[in-house]
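A structural walkthrough
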Amino acid sequence: MGADCLFCRIVAGEIPATIVKETATTLAFRDIGPKAPVHVLVIPKEHYADVATLGQGDPGLAGEVLATAAAVAEDEGLTGDGFRVMFNTGPYGGQEVFHVHAHLLGGAPLGPMLARDLV
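**Focus on helix α3 (residues 59–75)**
Along an α-helix, residues three or four apart share an orientation, since each turn contains 3.6 residues. Along its 17 residues, α3 runs 24 Å from first to last C-alpha, staying within 8% of the 24 Å computed at 1.5 Å per residue. Within the span of α3, buried status applies to Leu61, Ala62, Val65, Thr68, Ala69, Val72 and Ala73. An end-on view of α3 places all buried positions within 140° of arc, on one side of the element. Among the exposed residues of α3, those oriented more than 90 degrees off its buried face are Pro59, Glu74 and Asp75. Against β1 (19–22), β2 (26–30), β3 (38–44), α2 (51–57), β4 (83–87) and β5 (102–106) lie the buried residues of α3.

Written out as structure tokens, the structure is:
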């Protein structure tokens, strides 16, 4: 764990978060700047910079992150109308905290995948 990593510090209990689910290997907590009625971040407790690094380094743990996201979606009542799970990777992908995290979004229609055409 990095002393300067925000999410590692949340895992260590140094920074408070509104935790909605915790397993032996993952942590899910509410985003402090929600973009939907339900916006939960799901992270592995072990530090990986991004989803590509996690997927290559520990595919089983990547699956546990997705399983936790699915469990939170069910707990939050999102499975009927649907939800989105999104990983931002790198600067072009919009990643702001370089500890892999899945955004679980739902509770209202989410609109298009991207706000504008990029081509």
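**Details of the sheet that holds β4**
Spatially, five strands are ordered β1-β2-β3-β5-β4 in an open sheet, and the strand pairing comes out antiparallel. A single partner strand is all that each edge strand has here, and the edge strands are β1 and β4. Put simply, the sheet's adjacent strands are angled 20° from each other on average, direction ignored. Judged from the five bridges that link them, β2 and β3 form a sheet pairing that is antiparallel. The residue bridging Leu27 from the neighbouring strand is Ile43, located in β3. Across the sheet, α3 is in contact with β1, β2, β3, β4 and β5; its angle to β3 comes to roughly 155°.

The rules behind these values
Residues numbered from 1 in each chain as written. Predicted model: local features only at pLDDT ≥ 70, side-chain atom pairs only at ≥ 80, totals over all residues. Heavy atoms only, no water. Helix = DSSP H or I, 4+ residues; strand = E, 2+ residues; numbered from the N terminus. Expected span 1.5 Å × (residues − 1). Buried < 20%, exposed > 50% of the residue type's maximum accessible area, 1.4 Å probe, protein only. Arc of directions from axis to C-beta. Contact = heavy atoms within 4.5 Å. Pairing = 2+ DSSP bridges. Axes fitted to C-alpha atoms, helices over the stretch in contact; angles between N-to-C directions.

Such coordinate-based values are descriptive only and should not be taken to indicate function.
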